[in-house]
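Residues per chain are reported as follows:
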Amino acid sequence: MFTPARMMMSSAAPTTTTHNQNKTHNFHPKRLTAFKGIRRQRRCRVPLVAMSIPQQGGNAQPLKRQPIEAREAIRMGIPSKGRMAEDTQGLLKSCQLSVRKLNPRQYAAEIPNVPGMEVWFQRATDVVRKLLTGDVDIGIVGYDMLREIGNEDEDLVIVHDALGFGGCHLAVAVPQAWENVNSLSQLKSDPRFSKERPLRVVTAYVNVATQFFKDQGMENVVISTADGALEAAPAMGAADCILDLVSSGTTLRENNLKEIEGGRVLDSQGCLVASREALLKRPGVLEIVHEMLERLEAHLRADGVFMVTANVRGSSAESVAEKICGGGSLLRGLQGPTVSPIYTPQSDGAVKEGQFYAVSIGVPKTRIYETVKSLRRMGGSGVLVFPMTYVFDEEPPRWTSLLTQLGLKSEDFNHLARGEAPVAR
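Residues numbered from 1 in each chain as written. Predicted model: local features only at pLDDT ≥ 70, side-chain atom pairs only at ≥ 80, totals over all residues. Heavy atoms only, no water.

Asker: It is not clear to me how the overall build of the protein chain should be interpreted in this structure. Could you clarify?
Answerer: Along the protein chain, the regular secondary structure elements total 14 helices and 17 strands. When the 425 residues of the protein chain are sorted by exposure, 40% land in the buried category. Considering only intrachain contacts with a sequence separation of at least 6, the fraction spanning at least 24 residues in the protein chain is 74%. (Helix = DSSP H or I, 4+ residues; strand = E, 2+ residues; numbered from the N terminus. Buried < 20%, exposed > 50% of the residue type's maximum accessible area, 1.4 Å probe, protein only. Contact = heavy atoms within 4.5 Å.)

Structure (structure tokens):
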């Protein structure tokens, strides 16, 4: 028995502040008495109210989609506020895709390095909704919001599922006082909950929660939603447990809640999403997505990778390469070490090749010193270490995967990697 509901939790009725409240008023005594009465009424506690809300999916009315012909411009939606907005713009800037606002008060912007595309600042939930309605073609949003609002709509295509920011997970949390409930199976078999007295779960992710408990075979569950401060609901008696985003777990512990085994619903981080219809039908969208994907993949792959270069004595490039490759997988780099001759100046002004060779290897940041010691054991000297900014593949694996999802042939788009015009067929 699943009952989605909207739960409004408040210890007092909401009040509205206006500019006039900051001014001094001369009240007539009778009017002042009446005003105090109103204030006393406002302090009355509002009971917990639950009311049904429409959900995307299920029996809800589908969002009306704009036809492709309704506009020509290519649009991308990104979060407008909060840490997700900061991280999104930070990542784009690192990929030479800086977002520029012509007016700081406007919600429209542009990326100068991607001409022909509009950028619109939206709430995270609205980024997904506007993808569904066809108001934007591309979006960056957390996977949690994509699952909740998008509800696994077939038109939503995940282009890149791991942008490296906004990491968290959605999980079930119960009161710490429930000593005998430490796993989802124990919660499912808890005798306190039945058809007559179902488990009350409060969450901001009604669609995800409903599907999760259904998949777990938990029927005696009532799901409600609140605008915030979900962790307070069990202590207030408004819910038995919560299903919410968890990062470090500190907020749960400070509110006497705990995660349970098997209660991890999904992992989430920032992802790049696009409309399937826009990718297939709107001119230019697929090309822009290819460029963005290449830049993002190259930057993210280089993150945490350093280039280590050392001078190694040897009789030939081949002998030095064999020596380095024999030192273990750490010294093989991304595809193998780069070995090139060093031309040593002689006393007569000439240069001589063949005494030293420069060896360059890409290694993880956490293993830099280990690599340096290994190169020294092989006679390496003059070791240089510097960070890598981009690592471009011949073609991003996610691009190939995207074309497969869209039912397109990769050979028809080889020109994009080379920056050439498409071949007429």
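Once you've had a look at it, read on.
Asker: Explanation requested: the packing of aromatic side chains in the structure shown.
Answerer: Centre-to-centre distance and the angle between the planes together describe a pair of aromatic rings. In the structure shown here, the tally under the stated rule is four aromatic pairs. Residues F212 and F213 carry aromatic rings whose centres are separated by 5.4 Å and whose planes lie at 70° to one another, so their mutual orientation is edge-to-face. Assessed through its relative accessible area of 0%, F213 is described here as buried. A centroid spacing of 6.2 Å and a plane angle of 85° characterise the contact between W399 and F413, whose relative ring orientation is edge-to-face. One end of the pair, W399, is in helix α13 (residues 397–406); the other, F413, is in the loop between α13 and α14 (414–418), and 14 residues separate them in sequence. Judged by its relative accessible area of 14%, F413 is buried. Of note, K101 hangs over the ring of F121, and the distance from its end group to the ring centre comes to 4.3 Å. (Phe/Tyr/Trp six-rings, centres within 6.5 Å; stacked < 30°, edge-to-face > 60°. Lys NZ or Arg CZ within 6 Å of the ring centre and 35° of its normal.)

Asker: What is the right way to read the sheet that holds strand β5 (residues 117–122) from this model?
Answerer: What holds strands together in a sheet is hydrogen bonding between their backbones, with the strands either parallel or antiparallel. Within the open sheet, the six strands sit side by side as β4-β5-β3-β6-β13-β7. Their pairing is mixed. What marks the edges here is a single partner per strand, and that holds for β4 (108–110) and β7 (156–160). Shown here is a sheet whose adjacent strand axes are inclined to one another by a mean of 35°, direction ignored. Bridge count between β4 and β5: three bridges; the pairing is antiparallel. Considered in β5, the bridge of A108 is made with W120. (Pairing = 2+ DSSP bridges. Axes fitted to C-alpha atoms, helices over the stretch in contact; angles between N-to-C directions.)

Asker: Would you mind showing me how to read the side chain of T309 here?
Answerer: Within the secondary structure, T309 is located in strand β14 (residues 305–313). Residue classification places T309 among the buried residues on the basis of a relative accessible area of 14%. In terms of polar contacts, T309 uses its side chain to reach the side chain of S360, at 3.1 Å. (Polar contact = N/O pair within 3.5 Å; in protein donor to acceptor, adjacent residues only side chain to side chain.)

Asker: What should I look at first to understand the pairing of strand β9 (residues 199–203) in this one?
Answerer: Across a regular strand the side chains alternate sides, sitting on one face of the sheet and then on the other. Judged by how many residues are buried, β9 sits mostly within the fold: four of five residues are covered. One ladder, built from four bridges, connects β9 with strand β10 (residues 221–225); its direction is parallel. Its bridge partner being in β10, L199 is matched across the sheet by V221. On the question of chirality, the crossover connecting β9 to the parallel β10 by way of helix α6 (residues 206–215) is right-handed. (Right-handed = clockwise from strand over helix to strand, strands pointing away.)

Asker: What exactly am I supposed to notice about helix α3 (residues 124–133) here?
Answerer: Spacing of three or four residues puts side chains on the same side of an α-helix, whose turn is 3.6 residues. Among the ten residues in α3, seven count as buried, and that is most of the element. Among all positions of α3, only T125, D126, V127, V128, L131, L132 and T133 are buried. On its buried face, α3 is in contact with β3 (74–79), β5, β6 (138–142), α4 (143–150), β7 and β13 (270–275). At the exit of α3 stands G134, carrying a positive phi of roughly 80°.

Asker: Any chance you could explain the environment of L131 here in plain terms?
Answerer: Take L131: it is sitting in helix α3. For the pair L131 and M76, spaced 55 residues apart in the sequence, the C-alpha separation amounts to 9.0 Å. Apart from the residues lying within four places of it in its own chain, the contact partners of L131 are R65, V136, D137, I138, G139, D155, L156, V273, A274 and S275.

Asker: Would you explain the packing of helix α10 (residues 285–302) against α13 in this entry?
Answerer: Axis angle and axis distance: for two packed helices, these are the angle between their axes and the distance between the axes, and together they describe the pair. The N-to-C vectors of α10 and α13 enclose an angle of 150°; their axes lie 9 Å apart at closest approach. Classified by the interaxial angle, the pair formed by α10 and α13 is roughly antiparallel. Across the interface between the two elements, L286, V289, H290, L293 and E297 from α10 touch P397, R398, W399, L402 and L406 from α13. (Parallel < 35°, antiparallel > 145°, perpendicular 65-115°, else oblique.)

Asker: Would you mind showing me how to read the pattern of salt bridges here?
Answerer: Two side chains that carry opposite charge are able to pair once their charged atoms sit near each other. Summed over all chains, the structure comprises 19 salt bridges. Of the charged contacts in the structure, one is a salt bridge between E118 and R75, with a shortest N-O distance of 3.1 Å. Residue E118 is found in strand β5, and its partner R75 is found in strand β3; the two are separated by 43 residues along the sequence. On the accessibility criterion, R75 (22% relative accessible area) is partly exposed. We note a salt bridge from R192 to D190, for which the minimum N-O separation is 2.7 Å. Residue classification places D190 among the buried residues on the basis of a relative accessible area of 8%. Via salt bridges that share partners, R65, D155, E277 and K281 belong to a single interconnected network. (Salt bridge = Lys/Arg side-chain N within 4 Å of Asp/Glu carboxyl O.)

Asker: Looking at this structure, I do not really get the packing of helix α2 (residues 82–94) against α10. What am I missing?
Answerer: Where α2 contacts α10, the two axes come as close as 9 Å, and the packing angle between them is 90°. What the angle tells us is that α2 and α10 run roughly perpendicular. Taking contact as the criterion, the partners of L91, L92 and S94 in α2 are, on α10, M292, L296, H299 and L300. Counted by class, the contact of α2 with α10 contains five nonpolar, two polar and no charged residues. (Nonpolar A, V, L, I, M, F, W, Y, C, P; charged D, E, K, R; others polar.)

Asker: Mind showing me how you'd approach the nonpolar core here?
Answerer: Note that soluble globular proteins tend to have their nonpolar side chains buried in a common cluster. Grouped together as the largest cluster of nonpolar side chains are 37 residues, with contacts concentrated most on M76, M117, I138 and L279. Examining the composition of this core, we find that seven residues originate from one element, α10, more than from any other. Look past the residues within four positions of M117 in its chain and what remains in contact with it is I74, M76, E110, I111, I138, I288 and M292. V181, M218, C241 and I260 belong to the second largest nonpolar core, which has 24 residues in total. (Core = buried A, V, L, I, M, F, W, Y, C linked by side-chain atoms within 4.5 Å.)

Note that all results are geometric; they support no functional claim without further evidence.
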